[in-house]
Structure formats: C-alpha cells, structure tokens
Amino acid sequence: DAGITQSPRHKVTETGTPVTLRCHQTENHRYMYWYRQDPGHGLRLIHYSYGVKDTDKGEVSDGYSVSRSKTEDFLLTLESATSSQTSVYFCAISEGSGGMYGYTFGSGTRLTVV
Amino acid sequence: GQNIDQPTEMTATEGAIVQINCTYQTSGFNGLFWYQQHAGEAPTFLSYNVLDGLEEKGRFSSFLSRSKGYSYLLLKELQMKDSASYLCATRGRGSGNTGKLIFGQGTTLQVKP
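Residues numbered from 1 in each chain as written. Chains lettered and ligands numbered in written order. Predicted model: local features only at pLDDT ≥ 70, side-chain atom pairs only at ≥ 80, totals over all residues. Heavy atoms only, no water.

Novice: Help me out: how do you make sense of the interface of chain B and chain A in this one?
Specialist: It is common to give the size of an interface as the accessible area that goes away when the parts come together. Each partner contributes to the interface: chain B provides 19 residues, whereas chain A provides 23 residues. Here chain B meets chain A over a buried area of about 1700 Å², counting both sides, of which 54% is carbon and sulfur. Between the two partners, chain B and chain A, sit 0 salt bridges. Applying the counting criterion to the chain B and chain A interface returns 6 residue pairs in polar contact (both at pLDDT 80 or more). When residues of the side of chain B that touches chain A are assigned to their parent elements, the largest contribution, 3 residues, is made by strand β4 (residues 32-37) of chain B. Considering only residue class, the side of chain B that touches chain A consists of 8 nonpolar, 8 polar and 3 charged. (Contact = heavy atoms within 4.5 Å. Buried area = accessible area lost by both parts, 1.4 Å probe. Salt bridge = Lys/Arg side-chain N within 4 Å of Asp/Glu carboxyl O. Polar contact = N/O pair within 3.5 Å; in protein donor to acceptor, adjacent residues only side chain to side chain. Helix = DSSP H or I, 4+ residues; strand = E, 2+ residues; numbered from the N terminus. Nonpolar A, V, L, I, M, F, W, Y, C, P; charged D, E, K, R; others polar.)

What follows is the structure in structure tokens.
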C-alpha cells in the first residue's frame, strides 16, 4: 500500500524490560516520525528523523531513544518500559519538510506494559 | 509553542452537513492539515490549507483563516462510514527543515441513521 510497515503490531511486555519497535519504509522518504496516541492527548511527537543518523527529540521523548542507521528503518526503543508507556505508537513518513507534504502513517503498534 | 483546540465529540445525522472547527495558536504558520482516523486504524490525509479560503474535495471541504487562527472541515451528505475521528494538525515555521506536525486531540464524529 503506502510502503510503510510497523512491527510488531501488538506487544505485551513487563515493566522494566527494554522494547524496540520498528518502522520500515520502501518510499525512500527522508523524514520519519514516531508518535504515541493516548485518549485525551491525541498524537504526540516522541522523536523524529530528517536523515540517516540525524534525529531529534519531540515533546514527549523522556524514556525513549531512536536510531536510524539507514533510510528505510527507524527504530524506537523504550529503555526500561513503564506502565505509562502503554499506548498506541504510530510511525509516519514524509517526502518533504514543507508545503503540502503531509504524513503517511503506518498501521500502528499497540503496546501494553504490565 | 503551538496549541490546537477542537471539540471532543460531535453527532450528526446521515445525509446532513457537519462542520468541525479547529483553532490554533502557533509561533509562525506553515500549513494546516486534516486527517481522518477510523477506530483502530491509522490516520489518513484529507486536506491541506496554507492560504486563506476554502479548499473543496468532493464531499469534504476545508477552510482556513490565518488572521483568526481558525480552520474548519465541512462534511456534506454524511454517510455512516464518515463516523471517525478527525484530526487537525499544524506545521509551524519553527519546524525549520524537520516537517514535524503538531496535532489537536481530534474530534470524534458519530453519524446516526
């Protein structure tokens, strides 16, 4: 479809364990983003990337790290999962940084931390 | 910073017209987007406005007034499948070359027969 996939789609993990979510794109887009979506908060930006090895923090980055070693993959890691990180995580890609270049979203990862 | 406000919920009748409002405050402005999100699915792009005025695309239209920090999404001839959340998002000039969007909380629209 849009050339963006997230894995896993669902995950249950225990508090204190590390977790890595993967976003993979086949569109060769430069810009990639990780958001979390929670009731009452909408989509909030965790981290984003504007090129290979170029990443920066979003508004809710505490407890998360990212890596982008190649154009097609953007990894989100929860260093030590907490119950407050139970959420739906969306990856998005964009061809450009301005104008009408909006996002194409992945299908999301539903993460439950118990 | 950026702040976006939308109503949390709205209800409308099949076949009717509904207007979903969005107000925003941003340090600079570089475009406003509307996305549709069905329950359990990813958001999908609906519209983009950067200049004042109305953009029409089939049953959906989006309006922007930059001086008022205001946009609305107009849905005509409502269908049951239009039941979804509608997300307003802005891109500020402070985004530089990052392209990042800031989203409102979304408006959940329920269409009733």
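Novice: When you look at the sheet that holds strand β7 (residues 64-70) of chain A in this model, what are you seeing that I'm missing?
Specialist: Strand pairs in the sheet, formed through backbone hydrogen bonds, run parallel or antiparallel to each other. Residues and elements named next belong to chain A. Read across the sheet, 4 strands follow the order β1-β3-β8-β7 without closing on themselves; strand pairing throughout is antiparallel. Both outer strands of the open sheet, β1 (4-7) and β7, are each paired with one neighbouring strand and no more. Strand-to-strand twist across the sheet, computed as the mean angle between neighbouring axes with direction ignored, equals 20°. (Pairing = 2+ DSSP bridges. Axes fitted to C-alpha atoms, helices over the stretch in contact; angles between N-to-C directions.)

Novice: Would you take a moment to explain the state of the cysteines for this structure?
Specialist: Two cysteines whose sulfur atoms are joined by a covalent bond form what is called a disulfide. All names here are of chain A. Using the criterion set out here, one finds 2 disulfides over all chains in the structure. For Cys23, the disulfide goes to Cys91, at an S-S distance of 1.9 Å. Here Cys23 and Cys91 share a disulfide; its torsion about the S-S bond, -75°, makes the bridge left-handed. Separated by 68 residues along the polypeptide, Cys23 in strand β3 (residues 19-25) and Cys91 in strand β9 (residues 87-94) bring together distant segments of the chain. Here Cys23 and Cys91 have matching classes, each one buried. (Disulfide = S-S within 2.5 Å. Buried < 20%, exposed > 50% of the residue type's maximum accessible area, 1.4 Å probe, protein only.)

What is shown is where atoms sit, not what they do.
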